[in-house]
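# Residue-level structural notes
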Amino acid sequence: MAAGNEWINGYLEAILDAGVKLRGQGAALPALPRLLADDAAAGAGAAVATYSPTRYFVEEVVSRFDDRDLHKTWTKVVAMRNSQERNNRLENLCWRIWNVARKKKQVEREYSRQLSRRRLEQEMGSREAAEDLSEHSEGEKDSKPDAHPPAAAAGGGEQQLSRFARINSDARIVSDEEEEESKDRNLYIVLISIHGLVRGENMELGRDSDTGGQVKYVVELARALAATPGVHRVDLLTRQISCPDVDWTYGEPVEMLTVPAVDADVDDGDGADSSGGAYIFVDRALAHVTNVARALGEQLAPAADGASGAVAPVWPYVIHGHYADAAEVAAHLASALNVPMVMTGHSLGRNKLEQLLKLGRMPRPEIQGTYKIARRIEAEETGLDAAEMVVTSTKQEIEEQWGLYDGFDLKVERKLRVRRRRGVSCLGRYMPRMVVIPPGMDFSYVESQDLADGDADLQLLMNTNKAKKPLPPIWSEVLRFFTNPHKPIILALSRPDPKKNITTLLKAYGESRHLRELANLTLILGNRDDIEEMSGGAATVLTAVLKLIDRYDLYGQVAYPKHHKQTDVPNIYRLAAKTKGVFINPALVEPFGLTIIEAAAYGLPVVATKNGGPVDILKVLNNGLLVDPHDAEGINGALLSLLADKTRWSECRRNGLNNIHRFSWPHHCRLYLSHVAASCDHPAPHQLLRVPASPAAATRASLAADESLSDSLRGLSLRISVDASQDLNAGDSAAAIMDALRRRRSTDRPASSARALGFAPGRRQNLLVIAVDCYDKDGQPNVEKLKKAVDLAMSAGNGSGGQVGYVLSTGMTIPEAVNALKACGADSASFDALICSSGAEICYPWKEELGADEEYAGHVAFRWPGEHVMSAVPRLGKADGAHEADLAILNAACSVHCHAYSAKDASKVKKIDSIRQALRMRGFRCNLIYTRACTRLNVIPLAASRPRALRYLSIQWGIDLSKVAVLVGEKGDTDRERLLPGLHRTVIVPGLVATGSEELLRDEEGITTEDVVAMDSPNIVTLADGQAAAADLLKAII
């Protein structure tokens, strides 16, 4: 290894020099525990083995440490001019590196211990779930289905059973009948991708590590779905970025994606076929999707019940999140709207964490601090909780990567699928369906003439006088590097990322004289202006590439152009194909492998990594070879076998072209929609979210009702009471009569409830939400503090003319909340709504009957395990050594969608993270909240929470979230941090909460509040002590 590296040679010579001088001086050499020189090497008859710098260097430095880290050390060494001081520094550095090696072994041991513990927990959870779900349990066939089964598709129970007939995850062929049926469905699909820089045209792939093939995949998927028969509209939601460091187009709120018409009858002049929307918060996405659904309902069914304005909105057929961050956003959005959710992981956090821990360079806390990896993993787990279906590119991704997650167990998922197919209860358990759908590709740039002309254009490029048409400029940009441009091209196209393993390819090429004589090498590694100004990883790779080219003297044989456009990529593939070259993807792990499919479309044989997506791709295409990305000799042999054997080259080219249709976007979209129809449980019409009509529809309905009522009242003589004579006249319109009657009814009510009833929900302009968790240490409500919070909110709304409504959001039950307000001297009827049981229930105290909203109850019932999880929580939630009474069911606080447990001692119960992990491993999906100062645990449905209940009300009442203010304390229940972010204003009021429950939220190495909430957001206002005045709150609302 050291033979060809100048700075390593110098380092070795310096260490040897230091060792020789020390031995010559007879100095005592340090003896290290395991770095002992062989007796024979140290000298015959040596009694004590001494420290050997040579062996130390070979064993501990060259073979075990990254070149970049070692080079930094060497740079410090050579900076010293004085030889004696230099030698002393070398000796100290040796000890320091030995200490690093010892720490590395400690990290490796800790990783092995954690991995063993985790695998044991997963095995226990899987075994327990499998035993409960035994397919041959006695009486299983006669058992009843779940209390809240997924909504069946139209067609009855037989169709519901047939939907789960497939037990494997292989992609199936879509029949002509299915495709014909899908053409009249008018589907609305929402895609979400907030990773990297996303725009429709001229994508800057390779600009940074986040903007890669995934961005291109998502944009092309949106276009392809919009062009699929039966799909009416596709929205791609991403981040809106306004920053001088990026192009202004990323700050545009809307970008229309051009979609090729499917047939001549398609009319896309109004832009309804597809649209790209940029929304930075899920709240804005919520408002956007709600408005689009309502508009589509009016557009597609303009005559349906038009007089009353009761047009059903067209909700998304599916919401699809890409990557961890968008998967979490999609989970929240799908739960809020009660529509199916699909996710694609692309690159998984647990897999990356496992690789980092195996390297042993950083302990887990340092990894978390650097990469925020726990936050990413939790986002992926949240996506798994809500996802109906997970799209993968390979079976390897399912078994080896998703199998690392708490929320997915392949064995349990298969058992659940069998039970659902047989109509047997799943006992409240759920696992998402994993499907393999190969990534698609746009073949519009591929021309049949390109595949038949051979190297004709290349010959014209050599003799420009005979050229009949201008040739692609990128060709001359690449060929100018080569001494002999007629040789076949080995093409590698990727980001300059260490994971793409370009340096191993260069070493294989440089060390093979035969390969250098046979072919040229072209490296397309993103765009660059100055390597010094690039990010660390990209600069390191490009610097290493240039050094390797210089080491092996590859000038004239390797091309590495600085710039290329996205539109140049097809021409780069054409150039390689015309030279009868080969495409290579030597990545350490390749999740998808879109470049492999692109290369095959242009007739290029492929050499690809055996890790990841290429395995399944080459199984279908049969157009190349798989290699170990760490084996330079294997890479060399595979390239030579394709380049030297023209018969084999032609066979691989032909196979790729014949099978490439399996990866076309139309085929991908048909498979996608087929899997969504088979795997996703779409809610029944009565379970869909109800939204108020749009202002235009409401105006039309009001005018229609006014006209109808005026006709019915025409000619009638009305007797009006004296009290109402100032409000009503016999000749008034129906609208005026109804408005006066409403005012009359409100004045007949008690004064305490007049404010809420006179401006009924839906007529407010602003909302004040009191989410201050005021409890004493014993878990009882702190009446004094709660009264301060209520009085503060009420005083803020005084003088608003009833435009401000009030909502109490709490972990207490409905009766407990009403009693607590009564103890504060407040009338519960003054509140528009009470969000109780940590978001499991909503009630409207101004109504005659004080009960939970049944419509909201049906909305959150999705995937609620009910009584099946009730007994599992105490068993999994108690800490080691705890007694049964330390976490016991509290029947008085339980409701249909909330299991409440009393916790006597916080030290005797596990934290939320641990309980949720254990439940996930057993297939239970729930939200868990400690409330009342750690004395109560609420277990509620996955779709229920205090933030989601607030968004439910905002949709029902038509109040924009930007006109909502949420009052919270400095501490609170374990869901407090979820109340902070969003479009609404959050006002943190100090001094109202003395005891919170957040100590039981998560483990020490888990996510921090700063990872979840950007506390520097302008929407979060922290009042200073003594500043809590009504004026401050009004400013927060406005």
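Going by the structure above, here's the rest.
Because the structure is a prediction, the values reported are computed rather than measured.

Now for the sheet that holds strand S23 (residues 964-968). If you trace the seven strands from one edge of the open sheet to the other, you get S18-S17-S16-S15-S23-S24-S25, paired in mixed fashion. Both outer strands of the open sheet, strand S18 (841-843) and strand S25 (1020-1022), are each paired with one neighbouring strand and no more. Recorded for the sheet is a direction-independent mean angle of 20 degrees between the axes of neighbouring strands. Note: strand S15 (residues 766-770) against strand S16 (residues 804-809), five bridges, orientation parallel. Pairing of Leu-767 across the sheet is with Gly-805, part of S16.

Applying the stated criterion across every chain, the model contains 31 salt bridges. Here Asp-773 makes a salt bridge to Arg-946, at a shortest N to O gap of 3.1 Å. You can see Asp-773 sitting in the loop between S15 and helix H30 (783-797) and its partner Arg-946 sitting in helix H35 (residues 946-957), a full 173 residues away along the chain. By relative accessible area, which is 2% here, Asp-773 ends up buried. Among the ionic pairs, Lys-787 bridges to Asp-791, the shortest N-O distance being 2.8 Å. With Lys-787 and Asp-791 both in helix H30 and four residues apart, the pair spans about one turn of that helix. In this structure Lys-787 comes out as partly exposed when scored by relative accessible area, which is 36%. Of the residues examined, Asp-791 reaches a relative accessible area of 37% and is grouped as partly exposed.

Turning next to the sheet that holds strand S21 (residues 926-931). Strand order in the open sheet formed by four strands is S19-S20-S22-S21, with antiparallel pairing between adjacent strands. Looking at which strands have only one partner, the edges of the open sheet turn out to be strand S19 (887-889) and S21. Taken over all neighbouring pairs, the strand axes of this sheet differ in orientation by 25 degrees on average, direction set aside. In the sheet, S19 pairs with strand S20 (residues 899-903) via three bridges, with the strands oriented antiparallel. Bridge pairing in S20 places Ile-889 opposite Tyr-901.

To describe two helices that pack against each other, one gives the angle between their axes and the distance between the axes. At their nearest, the axes of helix H22 (residues 594-601) and helix H23 (residues 614-621) sit 10 Å apart, and the two run at 20 degrees to each other. As judged from the angle between their axes, H22 and H23 are roughly parallel. When the axes of H22 and H23 are compared, the crossing they make is right-handed. Of H23, the residues touching H22 (which contributes Ile-596, Ile-597 and Ala-600) are Pro-614, Ile-617, Leu-618 and Leu-621.

Next up on the list: the packing of aromatic side chains. In total, this model carries nine aromatic pairs according to the counting rule given. With a centroid separation of 5.6 Å and an interplanar angle of 45 degrees, the aromatic rings of Tyr-217 and Trp-665 are classed as tilted. Taken together, the residues span a long stretch of sequence, with Tyr-217 in helix H8 (residues 213-226) and Trp-665 in helix H26 (residues 665-679) at a distance of 448 residues. The exposure classification of Tyr-217 matches that of Trp-665, with both residues buried. Judged by centre distance (6.1 Å) and plane angle (50 degrees), the rings of Tyr-844 and Trp-846 are tilted. You can call Tyr-844 buried: its relative accessible area is 9%. Its relative accessible area of 23% is what places Trp-846 among the partly exposed residues. Grouping aromatic residues by their ring pairs yields a cluster made of Tyr-573, Phe-583 and Tyr-602. Over the aromatic face of Tyr-405 sits the side chain of Arg-350, whose NZ or CZ is 5.4 Å from the ring centroid. For the cation-ring pair, Arg-863 lies above Tyr-430, with the distance from its terminal atom to the ring centre recorded as 3.6 Å.

Attention now goes to the packing of helix H24 (residues 632-644) against helix H25 (residues 646-659). Between H24 and H25, the least distance of the axes is 5 Å, while the angle of their chain directions is 95 degrees. Here H25 runs roughly perpendicular to H24, going by the angle between their axes. Judged by residue contacts, Ser-641, Leu-642, Leu-643 and Ala-644 of H24 engage Lys-646, Arg-648, Trp-649 and Cys-652 from H25. The residue makeup of the contact of H24 with H25, split by class, is five nonpolar, one polar and two charged.

One non-glycine residue with positive phi stands out, namely Leu-427, at about 55 degrees. With respect to the helices and strands, Leu-427 occurs in the loop between helix H15 (410-421) and strand S8 (433-436). Here Lys-580, not a glycine, exhibits a phi torsion of approximately 60 degrees, which is positive. Here Lys-580 shows up in the loop between helix H21 (569-578) and strand S12 (582-585).

Across the five residues that make up S20, a large majority, four, are buried. Bridge analysis of S20 against strand S22 (residues 936-941) gives four bridges, and the strand direction is antiparallel. Within S22, the position partnered with Ala-900 by the bridge is Asn-938.

Rules behind the numbers
- Residues numbered from 1 in each chain as written.
- Predicted model: local features only at pLDDT ≥ 70, side-chain atom pairs only at ≥ 80, totals over all residues.
- Heavy atoms only, no water.
- Pairing = 2+ DSSP bridges.
- Helix = DSSP H or I, 4+ residues; strand = E, 2+ residues; numbered from the N terminus.
- Axes fitted to C-alpha atoms, helices over the stretch in contact; angles between N-to-C directions.
- Salt bridge = Lys/Arg side-chain N within 4 Å of Asp/Glu carboxyl O.
- Buried < 20%, exposed > 50% of the residue type's maximum accessible area, 1.4 Å probe, protein only.
- Parallel < 35°, antiparallel > 145°, perpendicular 65-115°, else oblique.
- Left-handed = near helix turned anticlockwise from the far one by under 90°.
- Contact = heavy atoms within 4.5 Å.
- Phe/Tyr/Trp six-rings, centres within 6.5 Å; stacked < 30°, edge-to-face > 60°.
- Lys NZ or Arg CZ within 6 Å of the ring centre and 35° of its normal.
- Nonpolar A, V, L, I, M, F, W, Y, C, P; charged D, E, K, R; others polar.

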